[in-house]
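The residues making up each chain are set out below.
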Amino acid sequence: MTARVFIDGAAGTTGLEIADRLAGRREFTLVVLDDERRKDEVARAEALNQADFVILCLPDEAAREAVAMIANDSVRVIDASSAHRTAIGWTYGFPEVIGRKAIAEARRVSNPGCYPTGFIALLAPLVSAGLLPGGWPYICHAVSGYSGGGKSLIARFESDADIAYRAYGLRMGHKHVAEMQKHVGLAHVPVFAPAVVPAHRGMIVEVPLPLAAMPNAAAPEVLRAALADAYLGSPIVTVRQDAPDELLLRRSMAPVDTLELSVFGSRDGTQARLVAVLDNLGKGASGAAVQNLNIMAGLPNTAGLRL
Ligand SMILES: NC(=O)C1=CN([C@@H]2O[C@H](COP(=O)(O)OP(=O)(O)OC[C@H]3O[C@@H](n4cnc5c(N)ncnc54)[C@H](OP(=O)(O)O)[C@@H]3O)[C@@H](O)[C@H]2O)C=CC1
Ligand SMILES: CC(=O)N[C@@H](CCC(=O)OP(=O)(O)O)C(=O)O
């Protein structure tokens, strides 16, 4: 028997990439609303309540409304928006960090944000092992391709070739900082400095560490070994053992669902830079949603993913 999957927001950037990854999967039947009905409340309510799995690829407010429209208790939900990432009753859909079992059993799963995917993957295992202090005020600098902002940011960058770099989130309080703090278990809200570059997709998320000034911080090689151990055997999350001179985001980047972590350390071990490279539309969104769907449906973790 195939499971019925309804993607609410299927015409958007994340929804289209999920549909691409599910195309040809015999375990799932996609329920699709045509263009005239995709925003029609009656049609959506019907699709939301008749599906086995609903994947929400909507703005936050519309995602909350969609959840409220579900009256059928057997419907299981994966929300790609940031509406439920710290909400009670929702499971945080990061299997490599929280474990697969919780996701396999959950009725409500919230996909991590794209930037938090890098930040949490880098810090959560190290803070929980006591190798970095949870009480430190962490800083996160990140650059993203413009598809991270959905259709409106894609249109903006594709109609203004003159933008070379867009720093934003300058008033603080970016919607991702709450989940970054909660799912690493930090005492302080991280200072988050995101930017967008004129590449369609891809992101580099970095956490600089002044190790010498931090209480109870391990040496860079210890941090690298601990990360490698935490993600040992994962086909999705890998830890580089080399130290390249540069990490590039390419405009021509193909869709990929992997997450690559690096630890760069100074020779004297007093400083380190933790760096995550991923595709905002891969492990940062659509790839993660399909991975969670696989786990919830009791299927192999990586089926349909681009590894
Ligand atoms: N893009 C990314 O890299 C990531 C996105 N996300 C999150 O995923 C969600 C979707 O983002 P993304 O795909 O980029 O955004 P898009 O703007 O590309 O797509 C959103 C889609 O939702 C549709 N929509 C809006 N309101 C409604 C409604 N009330 N009923 C039905 N459909 C509606 C839009 O319709 P229309 O086409 O008419 O505008 C659009 O097709 C967001 O919450 C985003 O924050 C999470 C991680 C990464
Ligand atoms: C480049 C860009 O604009 N990125 C988006 C985040 C994309 C993403 O992760 O979406 P969620 O907010 O649903 O997690 C932003 O900073 O708001």
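Residues numbered from 1 in each chain as written. Chains lettered and ligands numbered in written order. Predicted model: local features only at pLDDT ≥ 70, side-chain atom pairs only at ≥ 80, totals over all residues.

**Let's talk about the overall build of the protein**
When helices and strands are tallied, the protein shows 10 helices and 13 strands. Taking 2.2 N^0.38 as the reference for a compact globule, 307 residues should give roughly 19 Å; the C-alpha atoms of the protein span a radius of gyration of 19 Å, in line with that estimate. Here the protein, with 307 residues, has 44% of them falling under the buried criterion. Partitioning the contacts of the protein with sequence separation of at least 6, the portion at a separation of at least 24 is 72%. (Helix = DSSP H or I, 4+ residues; strand = E, 2+ residues; numbered from the N terminus. Rg over C-alpha atoms; globule rule 2.2 N^0.38 Å. Buried ≥ 20, exposed ≤ 12 C-beta atoms within 10 Å, placed from the backbone. Contact = placed C-beta atoms within 7 Å.)

**Some details on the site of ligand 2**
Residues in contact with ligand 2, as listed here, are Ser81, Ser82, Gly113, Cys114, Ser144, Gly148, Gly149, Leu153, Lys175, Pro194 and Val196. Considering only residue class, the shell around ligand 2 consists of four nonpolar, six polar and one charged. (Near = placed C-beta within 6 Å. Nonpolar A, V, L, I, M, F, W, Y, C, P; charged D, E, K, R; others polar.)

**Observations concerning the sheet that holds strand β7 (residues 139-145)**
The strands making up a sheet are joined through hydrogen bonds of the backbone, oriented either antiparallel or parallel. Taken in spatial order, the seven strands of this open sheet run β8-β9-β7-β10-β13-β12-β11, and their pairing is mixed. Here the strands that pair on one side only, and so sit at the sheet edges, are β8 (166-167) and β11 (237-239). Here strand β10 (residues 203-209) pairs with strand β13 (residues 272-278) via seven bridges, running antiparallel. Bridging from a neighbouring strand, valine 207 pairs with leucine 274 of β13. (Pairing = 2+ DSSP bridges.)

**Observations concerning the domain arrangement of the protein**
By domain assignment, the protein separates into domain 1 (3-111 + 285-296) and domain 2 (114-280). Each of domain 1 and domain 2 has a C-alpha centre, and the two are 25 Å apart. Taken together, the contact between domain 1 and domain 2 spans 13 residues of the former and 22 residues of the latter. Within the residue set of the side of domain 1 that touches domain 2, elements represented by two or more residues are α1 (13-22), α4 (95-98) and α10 (282-296). The dominant element in the side of domain 1 that touches domain 2, judged by the number of residues it contributes, is α10, at three residues. Of the residues contributing to the side of domain 1 that touches domain 2, the split by class is five nonpolar, five polar and three charged. (Domains from an automatic or database assignment.)

**Some thoughts on the pairing of strand β9 (residues 191-197)**
Covered by surrounding structure in β9 are Phe192, Pro194 and Val196 only, the residues Val191, Ala193, Ala195 and Val197 on the alternate face being uncovered. Here β7 pairs with β9 via seven bridges, running parallel. Each residue of the ladder has a partner; that of histidine 141, found in β9, is alanine 193.

**A word on the site of ligand 1**
As a structural note, the neighbourhood of ligand 1 is formed by 27 residues, with Gly12, Thr14, Ser81, Gly150 and Ala285 the closest of them. Elements that contribute at least two residues to the shell around ligand 1 include exactly α1, α3 (60-68), α7 (150-159) and α10. Residue composition of the shell around ligand 1, by class: nine nonpolar, 13 polar and five charged. No fewer than three residues from each of domain 1 (3-111 + 285-296) and domain 2 (114-280) sit in the shell around ligand 1.

**Quick look at the packing of helix α6 (residues 114-128) against helix α8 (residues 177-184)**
It is at 9 Å that the axes of α6 and α8 come closest, and there the two elements cross at 20°. As far as their axial angle goes, α8 and α6 are roughly parallel. Remark: the crossing between α6 and α8 carries right-handed chirality. Residue-level inspection shows Pro116, Phe119, Ile120, Leu123, Ala124 and Val127 of α6 in contact with α8, the latter providing Glu179, Met180, His183 and Val184. (Axes fitted to C-alpha atoms, helices over the stretch in contact; angles between N-to-C directions. Parallel < 35°, antiparallel > 145°, perpendicular 65-115°, else oblique. Left-handed = near helix turned anticlockwise from the far one by under 90°.)

**Some remarks on the nonpolar core**
Counting residues in each nonpolar core, the largest one holds 77 residues, and the members touching the most others are Ile55 and Leu123. For this core, the two domains that each supply at least three residues are domain 1 (3-111 + 285-296) and domain 2 (114-280). The residues contacting leucine 123, other than those within four sequence positions of it, are Leu132, Tyr138, Val184 and Val207. (Core = buried A, V, L, I, M, F, W, Y, C linked by C-beta atoms within 7 Å.)

**Description of helix α2 (residues 41-50)**
Taken residue by residue, α2 has Arg44, Ala47 and Leu48 as its buried positions. An end-on view of α2 places all buried positions within 100° of arc, on one side of the element. (Arc of directions from axis to C-beta.)

**So, unusual backbone geometry**
As a rule of thumb, non-glycine residues mostly have phi less than zero, and peptide bonds are mostly trans rather than cis. Its identity is not glycine, yet methionine 172 carries a phi of approximately 65°, on the positive side. Relative to the helices and strands, methionine 172 is located in the loop between β8 and α8. Judged by the 10 C-beta atoms lying within 10 Å of it, methionine 172 falls in the exposed class.

**Overview of the UniProt feature "active site" (unreviewed entry) in the protein**
With numbering aligned to this structure, UniProt lists the feature "active site" (unreviewed entry) at Cys114. Aside from chain neighbours lying at most four places away, what touches cysteine 114 is Ser144, Gly148, Met203, Asn280, Gly284 and Ala285. (UniProt positions renumbered as here; feature names shortened; annotations may be inferred.)

**Some remarks on the environment of serine 82**
Inspection of the secondary structure puts serine 82 in the loop between β4 (76-79) and β5 (91-92). Accessibility expressed as a C-beta count within 10 Å gives 20 for serine 82, which makes it buried. Each C-alpha atom, one on serine 82 and one on leucine 22, is 22 Å from the other, the two residues being 60 residues apart in sequence. Every residue in contact with serine 82, bar those within four places of it in the chain, is listed here: Asp60, Gly113, Lys175 and His176.

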